[in-house]
Amino acid sequence: MSEPTRYQTGPVELPLRLDPEPTPVDGCPYCTEPARVRSWARAGGDMTTVSDCNVFLRRRPEGHR
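Residues numbered from 1 in each chain as written. Predicted model: local features only at pLDDT ≥ 70, side-chain atom pairs only at ≥ 80, totals over all residues. Heavy atoms only, no water.

1. A short note on the packing of helix 1 (residues 29–44) against helix 2 (residues 47–58)
Okay, so step 1: Look at helix 1 against helix 2: their axes get within 8 Å of each other, and the N-to-C directions meet at 160°. Classed by the angle they form, the pair helix 1 and helix 2 counts as roughly antiparallel. Pair helix 1 / helix 2 crosses with left-handed handedness. Judged by residue contacts, Tyr30, Cys31, Pro34, Val37, Arg38, Ala41 and Arg42 of helix 1 engage Thr49, Val50, Cys53, Asn54, Phe56 and Leu57 from helix 2.
Okay, so step 2: Residue classes in the contact of helix 1 with helix 2 are distributed as nine nonpolar, two polar and two charged. (Axes fitted to C-alpha atoms, helices over the stretch in contact; angles between N-to-C directions. Helix = DSSP H or I, 4+ residues; strand = E, 2+ residues; numbered from the N terminus. Parallel < 35°, antiparallel > 145°, perpendicular 65-115°, else oblique. Left-handed = near helix turned anticlockwise from the far one by under 90°. Contact = heavy atoms within 4.5 Å. Nonpolar A, V, L, I, M, F, W, Y, C, P; charged D, E, K, R; others polar.)

What follows is the structure, given as structure tokens:
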């Protein structure tokens with residue numbers, strides 16, 4: 001069993017992701033809706049929902065072939 005850290009550690013530096021936003025596949029209803037919600041959220045300044053829609057589009061379980 002390891003001993004707990006008894007001193008402060010430095011901050012964790014995470015890489016900055018500058019990937020382009022995922023684009024929906026034409027004709028796919030599962031891609032169209034998150035893209036539409038993302039547009040509405042961006043217009044309203046809700047960047048949390050924009051990020052959530054991007055994650056959904058990137059990690060869509062069915063994928064496209």
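2. A few points about helix 2
Okay, so step 1: Between its terminal C-alpha atoms helix 2 stretches 16 Å, which fits the 16 Å expected from twelve residues at 1.5 Å a residue.
Okay, so step 2: Those residues of helix 2 not exposed but buried are Val50, Cys53, Asn54 and Leu57. Buried residues of helix 2 fall within an arc of 100° about the axis and therefore sit on the same side.
Okay, so step 3: The inward-facing, buried residues of helix 2 contact helix 1. (Expected span 1.5 Å × (residues − 1). Buried < 20%, exposed > 50% of the residue type's maximum accessible area, 1.4 Å probe, protein only. Arc of directions from axis to C-beta.)

3. Considering the environment of Pro22
Okay, so step 1: In this structure, Pro22 sits in the segment before helix 1.
Okay, so step 2: Look at Pro22 and you get buried, because its relative accessible area is 14%.
Okay, so step 3: Taking the C-alpha atoms as reference points, Pro22 and Val55, separated by 33 residues in sequence, lie 8.6 Å from one another.
Okay, so step 4: If near-sequence neighbours (up to four positions away) are discounted, Pro22 is found in contact with Arg38, Asn54, Leu57 and Arg58.

4. Side note on helix 1
Okay, so step 1: Along its 16 residues, helix 1 runs 23 Å from first to last C-alpha, staying within 8% of the 22 Å computed at 1.5 Å per residue.
Okay, so step 2: Among the residues of helix 1, those classed as buried are Cys31, Pro34, Ala35, Arg38 and Ala41. Around the axis of helix 1, the buried residues are gathered within 125° of arc, so they sit on the same side. Residues Pro29, Trp40, Ala43 and Gly44 are exposed on helix 1 and point more than 90 degrees away from its buried face.
Okay, so step 3: Those residues of helix 1 that are buried are in contact with helix 2.
Okay, so step 4: Following helix 1 by one or two positions, Gly45 has its phi on the positive side, about 80°.

Read these as spatial facts, not as claims about activity.
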